[in-house]
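Summary of structural features
The residues making up each chain are set out below.
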Amino acid sequence: MDYRPLGRTGVQVSPLCLGTMMFGPWGNQDEADSIRIIHRALDAGINFVDTADVYSNGTSEEITGRALAGRRDDVVLATKFFMPMGDNPNHRGGSRRWIIQEVENSLRRLGTDWIDLYQVHRPDPAVDIEETLGALSDLVHQGKIRYIGSSSFSGSQIVEAQRASRERRLERFVTEQPPYSILVRGIEEDILPTAQRYGMGTLTYSPLSGGWLSGKWRKDAAATPASSARPSARFDMSSPANQRKLDIVEDLAQLAERNSMTLIEMAIAFAINHPGVTSAIVGPRTMEQLESYLPAAEIHLPTDMLDRIDQLVAPGVTINPDDNSYGTHELQPAARRR
């Protein structure tokens, strides 16, 4: 597996990053099996692991920590904070109070003395970015975290954070984590080039677009994905945008088959073939899923395939806007209406 620089940090990471959201009650509840999957990913050459405090309310971090026992030094370990961790209104967000408290919880659950990449899971409109960056900078100086990153920031929010870091002489975000897939290409227009200008690494998530590019849901499958964790707007098969996605998936599946690869392999290869993408997060629930993802790390899509993909989904276009995770606060009625 060829490794890539994580922005300008000097750290080298694999083009596939193991996402651990599906380890624990949200997905695979067999801890021993989850650990076997993590070990298989490491043995295959993946040296980048991404988790979050909120995944299964901390259980994912605990499983990840136990799996990395004895192998911690060989892994670039990333986790995130921001999402609510219980009913307490102060156990969430990007405040100094919560960051200083929650990093200790993540360190304990992960069973480690340091976190390589500590990421803000979402921008916090209620907190000045200088406060968030200041708290994270203190943790870097204390040696508890090595680098800091953002997730689901818009292009303007990336610029604001970089400017604040420079002006206040604070640690800067070295990575951004946005959604990116053949069906969700909005970041190509603004976020990817902005991150590239600042020398940031980009760790993209959902290369299979929440399962749309796994081949599981096709036009002849009547059922809507049954999961309370999936936003209904993204999986309402009666909506015009999702009907359009079903049509595109049919064409993409045929394109992959003509080029002797699976739809999954093509979809993941598409994400990591972009020059602005450092790694794509793959989040298996089973060993079979992991094995289906691994070949994509060695696939380079030829120009004619990329041209055909561009015909089906134009660069910079997201077929269903509900698939985006950034800009959600700005588009709420309270932020738009007088």
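Before any of the text, the structure's been laid out above.
Here's a quick rundown of the structure. Bear in mind the structure is a predicted one, so any value in this text is a computation, not a measurement. (Residues numbered from 1 in each chain as written. Predicted model: local features only at pLDDT ≥ 70, side-chain atom pairs only at ≥ 80, totals over all residues. Heavy atoms only, no water.)

A separate point is the overall build of the protein chain. For the protein chain, the helix and strand inventory stands at 11 helices and 10 strands. Over its C-alpha atoms the protein chain spans a radius of gyration of 19 Å, differing by no more than 12% from the 20 Å that the globule rule assigns to 338 residues. A principal-axis box enclosing the C-alpha atoms of the protein chain has dimensions of 55 × 55 × 40 Å. Across the protein chain, contacts joining residues at least 24 apart in sequence account for 79% of those joining residues at least 6 apart. Each charge sign in the protein chain was given a centre, from 36 positive and 44 negative side chains, and these centres are 4 Å apart. (Helix = DSSP H or I, 4+ residues; strand = E, 2+ residues; numbered from the N terminus. Rg over C-alpha atoms; globule rule 2.2 N^0.38 Å. Contact = heavy atoms within 4.5 Å. Lys, Arg positive; Asp, Glu negative; His and termini not counted. Charge placed at Lys NZ, Arg CZ, Asp CG, Glu CD.)

Here the focus is helix α5 (residues 155–168). Compared with the 20 Å implied by 1.5 Å per residue over 14 residues, the 20 Å span of α5 between its first and last C-alpha is a close match. Considered for burial, the residues of α5 that qualify are Gly 155, Gln 157, Ile 158, Ala 161, Gln 162, Ala 164 and Ser 165. Looking at the buried positions of α5, the neighbouring elements they touch are α4 (129–141), β8 (173–177) and α6 (191–197). Where α5 terminates, the next one or two residues include Arg 169, which has phi positive at roughly 55°. (Expected span 1.5 Å × (residues − 1). Buried < 20%, exposed > 50% of the residue type's maximum accessible area, 1.4 Å probe, protein only.)

Compared with an ideal rise of 1.5 Å per residue, which puts 15 residues at 21 Å, helix α3 (residues 96–110) spans 21 Å between its outermost C-alpha atoms and is within 8% of the ideal. Against α2 (59–67), β5 (76–81), β6 (115–120), α4 and β7 (145–151) lie the buried residues of α3. Where α3 terminates, the next one or two residues include Gly 111, which has phi positive at roughly 65°.

Our focus in this paragraph is the packing of aromatic side chains. Inspection of the entire model under this criterion finds 4 aromatic pairs. Ring geometry for Trp 26 and Tyr 55: centres 5.9 Å apart, planes at 55°, overall tilted. Taken together, the residues Trp 26 in the loop between β3 (16–19) and α1 (31–43) and Tyr 55 in the loop between β4 (48–50) and α2 connect sequence positions 29 residues apart. Directly above the ring of Trp 114 sits Arg 72, whose terminal nitrogen or CZ lies 4.1 Å from the centroid. (Phe/Tyr/Trp six-rings, centres within 6.5 Å; stacked < 30°, edge-to-face > 60°. Lys NZ or Arg CZ within 6 Å of the ring centre and 35° of its normal.)

Among the structural elements, Asn 320 can be located in the loop between α10 (303–312) and α11 (333–336). Its relative accessible area of 3% is what places Asn 320 among the buried residues.

Attention now moves to the pairing of strand β10 (residues 279–282). On a regular strand, one side chain projects to one face of the sheet and the next to the other, so that they alternate. Of the two faces of β10, the one holding Ser 279 and Ile 281 and the one holding Ala 280 and Val 282 are both buried throughout. As paired strands, β3 and β10 are joined by 3 bridges and run parallel to one another. Paired with Cys 17 across the strands is Ile 281, a residue of β10. (Pairing = 2+ DSSP bridges.)

Within the fold, Gly 94 resides in the loop between β5 and α3. Sequence separation of Gly 94 and Gln 177 is 83 residues, and the distance between their C-alpha atoms is 16 Å. Excluding its chain neighbours within four sequence positions, the residues that come into contact with Gly 94 are Phe 81, Phe 82, Ile 99, Asp 124, Val 127 and Thr 132.

It is worth spelling out the sheet that holds β4 at this point. Spatially, the 8 strands close up into a barrel ordered β3-β4-β5-β6-β7-β8-β9-β10, and their pairing is parallel. Sheet twist, expressed as the mean angle between neighbouring strand axes with direction ignored, is 30°. (Axes fitted to C-alpha atoms, helices over the stretch in contact; angles between N-to-C directions.)

Core analysis: the largest hydrophobic core is formed by 90 residues, its most contacted members being Phe 173 and Met 266. Looking at this core, the element that brings in the most residues is helix α8 (residues 263–273), giving 9 residues. In this structure Met 266 touches Ile 182, Leu 252, Leu 255, Ala 256, Met 261, Leu 301, Met 305 and Ile 309, once residues within four positions along its chain are discounted. Judged by nonpolar contacts, the second largest core, of 11 residues, contains Leu 6, Val 13, Cys 17 and Tyr 205. (Core = buried A, V, L, I, M, F, W, Y, C linked by side-chain atoms within 4.5 Å.)

The element β5 is largely enclosed, with a buried count of 6 among its 6 residues. Judged by which residues are buried, β5 turns out to be covered on both faces: Val 76, Ala 78 and Lys 80 on one side and Leu 77, Thr 79 and Phe 81 on the other are all buried. When β4 meets β5, the two strands line up parallel, connected through 3 bridges. Bridged to Asp 50 within β5 is Ala 78. Handedness of the β4-α2-β5 crossover: right-handed. Where β5 and β6 come together, 4 bridges link them in parallel fashion. Its bridge partner being in β6, Ala 78 is matched across the sheet by Leu 117. The parallel pair β5 and β6 is bridged by α3, and the resulting crossover is right-handed. (Right-handed = clockwise from strand over helix to strand, strands pointing away.)

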